[in-house]
Amino acid sequence: EIIDSPMEAAGGGGFLILAITAGVGNGWNFPAEVLRQSLPLWDGVECFVDHAGADRLSGGRSIRDLGGVCSTPGWDETRQGVRLALTPFGPAADVVREVGREMLTRSGAPIPRVGFSADLLLRAAGTPEGGTEREVREIIKILSVDLVHNPARGGAFLQALSAGEPSRICKEKGVHWMTTEVLEAEPAVVTPAPVDLCGSLLEARLSGSSLPSLACD
């Protein structure tokens, strides 16, 4: 599905967001076509405020951090990324609403590096000789789309969705990369693993994960 026009969230309210864009983040190269093929996986994914803490790296999330649920995934041709409707829901819904409102209404004023970062499982090719980025071949599962500081791969608020108010478009601030390193694999073989695009949680998550290993291309 291609989304080129404003949407209405179910029941009114909520936001149109950009979950991830094609390009390089933390040493992973996400081709546009791979993101397009992953669209069905984004429907119904929960949104949490911040990534999982150090005490929940085995995969569990606290209900206290639940801020919303994503729906209506579509492809944003202009931004070359996955676009979602985000409906605030849960104990952290007010945080999502307030941050979204402020990000969308501070016209001309400085805004913080706040946006969305996907926690996901992927399959990737080995690092090419002389290269530094590993190309993602397939996105296997979306664990969550989290509201974070300094998102790694283009996630942002785009537009407020409200039945009673005019739409507001958020100006893009640009892409800000995390400087923390992700877990390195052997050049010839990359084993798919939970990949937190903020990077700092990946190695600890893997050490406590019970996920089975997957064969790579």
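### Re the overall build of the protein chain
Here is step 1: Looking only at helices and strands, the protein chain features three helices and ten strands.
Here is step 2: The helix and strand sequence of the protein chain, counted from the amino end, reads β-β-β-α-β-β-β-α-β-β-β-β-α.
Here is step 3: Counting over 217 residues, the protein chain shows a buried share of 45%.
Here is step 4: At a minimum sequence separation of 6, the contacts of the protein chain that also span at least 24 residues come to 72%.
Here is step 5: Entry remark: accessible area of the protein chain is about 10,600 Å², with carbon and sulfur atoms responsible for 51%.

### Things to note about the confidence of the model for the protein chain
Here is step 1: Mean pLDDT for the protein chain: 74, with 63% of residues reaching 70 or above.
Here is step 2: This model gives residues 1-11 a pLDDT under 50, and the stretch forms 25 contacts once residues within four places in sequence are excluded.
Here is step 3: Note that pLDDT drops below 50 for residues 211-217; the model gives that stretch 14 contacts with residues more than four away or on any other chain.

### Here we look at the pattern of salt bridges
Here is step 1: Taken as a whole and judged by the stated rule, the model has eight salt bridges.
Here is step 2: With its nearest N and O atoms 2.5 Å apart, the salt bridge here joins Arg36 to Glu77. Taken together, the positions of Arg36 in helix H1 (residues 32-37) and Glu77 in the loop between strand S5 (66-76) and strand S6 (81-88) put the pair 41 residues apart, joining distant regions of the chain.
Here is step 3: According to the relative accessible area criterion, Glu77 is partly exposed, its value standing at 40%.
Here is step 4: A salt bridge links Glu98 to Arg101; the nearest nitrogen and oxygen atoms lie 2.7 Å apart. Taken as a pair, Glu98 and Arg101 lie in helix H2 (residues 93-105) at a separation of three residues, close to a single helical turn.
Here is step 5: Taking the relative accessible area as the measure of exposure, Glu98 reaches 34% and is therefore partly exposed.
Here is step 6: For Arg101, a relative accessible area of 38% puts it in the partly exposed group.

### Examining the sheet that holds strand S1 (residues 15-21)
Here is step 1: Ordered in space as S4-S5-S6-S1-S9, the five strands form an open sheet in which the pairing is antiparallel. A single partner strand is all that each edge strand has here, and the edge strands are strand S4 (46-48) and strand S9 (156-160). Between one strand and the next, the sheet's axes are offset by a mean angle of 40°, whatever the strand orientation.
Here is step 2: With six bridges joining them, S1 and S6 adopt antiparallel strand pairing. When the bridges of S6 are listed, Leu16 appears paired with Ala85.
Here is step 3: Strand contacts of H2: S1, S5, S6 and S9, with the helix running at about 85° to S9, the strand carrying the most contacts.

Calculation rules
- Residues numbered from 1 in each chain as written.
- Predicted model: local features only at pLDDT ≥ 70, side-chain atom pairs only at ≥ 80, totals over all residues.
- Heavy atoms only, no water.
- Helix = DSSP H or I, 4+ residues; strand = E, 2+ residues; numbered from the N terminus.
- Buried < 20%, exposed > 50% of the residue type's maximum accessible area, 1.4 Å probe, protein only.
- Contact = heavy atoms within 4.5 Å.
- Areas by Shrake-Rupley, 256 points an atom, 1.4 Å probe, with all protein chains shown as cover.
- pLDDT = per-residue confidence, 0-100.
- Salt bridge = Lys/Arg side-chain N within 4 Å of Asp/Glu carboxyl O.
- Pairing = 2+ DSSP bridges.
- Axes fitted to C-alpha atoms, helices over the stretch in contact; angles between N-to-C directions.

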